[in-house]
Amino acid sequence: MSNALLPIGFCDLLPSDAEAEASLVQWIMSAFNDYGYERVSPPLLEFEQSLLANAGSGIAEQTFRVMDPETHYMMGLRPDITPQIARIAATRLINSPRPLRLSYAGPCILVSGAKHSAARQILQAGIELIGVDSPQADAEIITIIAAALAMEDVLPSISIDLMMPQLANTIIQTESFDEQQTKILMRALDRKDVAAVQKYGGALSGILTTMLQAAGPADRAINMLKGLDLPQEAQQIFDRLLTVVEAVQAHNPDLQLTIDPVEFRGWNYHTGLCFSVYINGVSGEVGRGGRYLSDNGEPACGLTLRPDLLLPLINFDEHIRERVFVPFGHTIQELTSLRQDGYILIMGLTADEDAQAEACRLNCNYILQGKELQAVAE
């Protein structure tokens, strides 16, 4: 059994789970492709200097490093695919027409598991819209992610939380707080500590307290925020949020949207609206994204999902293909029509085997008799 031990955070996916994961990724990627997002596939491993440059600077702490025995340069195993997409857009696809719509799916390796999951090998699938900065582009990312997860009631209800990481900081900078006061106030906002905000917020305590209390359903939050006398720059950020919400609701009025006006932690390299995806039955977020700058300074917006977190919620039994035992002697060419009809074909390997017994042992639904399918006796 010692040969079966794996490092903490890594696991084998056995046949049923591996098939379910592949089916789920195919479903999601097909939805992305339906809306014009073309698939790219960056390498799992690349040179550290390119992987961690620009948008990749935020993933350095989660990156495994190894030395390339050929070049002796340090390489990194990607913990996130988004920075690689930014690199591709700024280099190999620099001359492609904008806006550039790209999709991707693949494994990533983390140094340590996340708060809600010990897994260190994770699966990502996502989309990036590069070369345009507009509320409509932000709304497109949100609505397409929601469409990709609309699996005919296979998944429970979806909620998308919208955040404006720059909003609180923009407001705080209008007052002459020293560095220590700013840190204390930002920490109070991060902890959602109303009493501390009122104590250290000075003239801004009223605005910041209202922003804390506004967190929740989008319509309610917007109504509360509309009543605030925001500084001009902060008002522009809020107006952008309002336009995005209106655009998303025009596409999908039933989509559950929430707003957290003071959330900023973990969005270090983002430059505008950010969003997280939540699904009932899964602890923590199943997807996150937002607006950022690509490697060459182009505006970009995207969102990355974690399909592996969704697998326990999905029952693929209704989509299991039926299995046919094919006695020895049939050729692949003879079986083309059965394969086209969606059957899984289990080939017999010897002429003297008991077809009925083998079909039962190998969990087949039918036996091929001549050119006809015969149900396997229970």
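In this report, we go over the structure that sits alongside the text.

Basis of the calculations
Residues numbered from 1 in each chain as written. Predicted model: local features only at pLDDT ≥ 70, side-chain atom pairs only at ≥ 80, totals over all residues. Heavy atoms only, no water. Helix = DSSP H or I, 4+ residues; strand = E, 2+ residues; numbered from the N terminus. Expected span 1.5 Å × (residues − 1). Buried < 20%, exposed > 50% of the residue type's maximum accessible area, 1.4 Å probe, protein only. Arc of directions from axis to C-beta. Contact = heavy atoms within 4.5 Å. Phe/Tyr/Trp six-rings, centres within 6.5 Å; stacked < 30°, edge-to-face > 60°. Pairing = 2+ DSSP bridges. Axes fitted to C-alpha atoms, helices over the stretch in contact; angles between N-to-C directions. Polar contact = N/O pair within 3.5 Å; in protein donor to acceptor, adjacent residues only side chain to side chain. Parallel < 35°, antiparallel > 145°, perpendicular 65-115°, else oblique. Left-handed = near helix turned anticlockwise from the far one by under 90°.

Observations regarding helix α1 (residues 15-34)
Stage number 1. Given a rise of 1.5 Å per residue, 20 residues ought to cover 28 Å, and the 28 Å separating the end C-alpha atoms of α1 matches this to within 8%.
Stage number 2. Taken as a whole, α1 has its buried residues at A20, L24, V25, I28, M29, A31 and F32. One side of α1 carries all its buried residues, which in axial view fall inside an arc of 160 degrees. Facing away from the buried side of α1 by over 90 degrees, the exposed positions are P15, S16, E19 and D34.
Stage number 3. Looking one or two places after α1, you find G36, whose phi comes out positive at around 85 degrees.

Brief notes about helix α5 (residues 165-172)
Stage number 1. The element α5 is extensively covered by neighbouring structure, given that six of its eight residues are classed as buried.
Stage number 2. Those residues of α5 not exposed but buried are P165, L167, A168, T170, I171 and I172.
Stage number 3. Buried residues along α5 sit against β7 (158-163), α6 (179-190), α8 (205-214), α10 (232-251) and β10 (270-279).

Here we look at the packing of aromatic side chains
Stage number 1. A full pass over the atoms with the stated rule returns two aromatic pairs.
Stage number 2. Ring centres 6.1 Å apart and planes at 85 degrees place the aromatic pair Y343 and Y366 in the edge-to-face group. Taken together, the positions of Y343 in the loop between α11 (336-340) and β14 (344-347) and Y366 in strand β15 (residues 366-369) put the pair 23 residues apart, joining distant regions of the chain.

Some details on the sheet that holds strand β2 (residues 45-47)
Stage number 1. The antiparallel open sheet is built from three strands, whose spatial order is β2-β4-β3. Edge positions in the sheet fall to β2 and β3 (64-67), since each has one partner strand and no second. Looking at each pair of strands side by side, their axes are set apart by 35 degrees on average, direction ignored.

What to know about the side chain of S294
Stage number 1. Mapping S294 onto the fold places it in the loop between β11 (287-293) and β12 (299-305).
Stage number 2. Within the structure, the side chain of S294 is placed 3.1 Å from the backbone oxygen of A86, a separation counted as a polar contact.

Brief notes about the environment of L24
Stage number 1. In this fold, L24 is placed in helix α1.
Stage number 2. For the pair L24 and L311, spaced 287 residues apart in sequence, the C-alpha separation works out to 7.9 Å.

A look at the side chain of R306
Stage number 1. Take R306: it is sitting in the loop between β12 and β13 (323-326).
Stage number 2. Of note is the side chain of R306, whose polar atom sits 2.8 Å from the side chain of D308.
Stage number 3. Setting aside chain neighbours within four positions, we find R306 in contact with S117, I122, L123 and V286.

What to know about the packing of helix α4 (residues 135-148) against α10
Stage number 1. As a packed pair, α4 and α10 sit with axes 8 Å apart at the nearest point and diverge in direction by 45 degrees. Regarding the angle of α4 to α10, the classification is oblique. Along this stretch, α4 crosses α10, giving a crossing that reads as right-handed. Residues P135, Q136, D138, A139, I142 and T143 of α4 form the contact with α10, whose own contacting residues are R240, T243, V244, A247, V248 and H251.

A closer look at the pairing of β15
Stage number 1. Pairing analysis gives two bridges linking β13 to β15, with the strands arranged parallel. Among the inter-strand pairings, F325 is bridged to a residue of β15, identified as I367.
Stage number 2. When β15 meets strand β16 (residues 372-375), the two strands line up antiparallel, connected through four bridges. Looking across to β16, one finds that Q369 is bridged to E372.

Some remarks on the environment of V324
Stage number 1. Note that V324 resides in strand β13.
Stage number 2. Sequence separation between V324 and A247 is 77 residues, and the spatial gap between their C-alpha atoms is 49 Å.
Stage number 3. Not counting residues up to four positions away in its chain, the partners in contact with V324 are Y343, I344, L345, I346, C364, Y366, I367, L368 and L373.

Side note on the sheet that holds β7
Picture the strands of a sheet paired through backbone hydrogen bonds; they go either parallel or antiparallel.
Stage number 1. Spatially, the nine strands line up as an open sheet ordered β1-β5-β6-β12-β11-β10-β7-β9-β8, and their pairing is mixed. Sheet topology places β1 (38-39) and β8 (216-217) at the edges, where each strand pairs with a single neighbour.
Stage number 2. With 10 bridges connecting them, strand β5 (residues 100-109) and strand β6 (residues 121-130) associate as antiparallel partners. Opposite A105, over in β6, you have A125 as the bridge partner.

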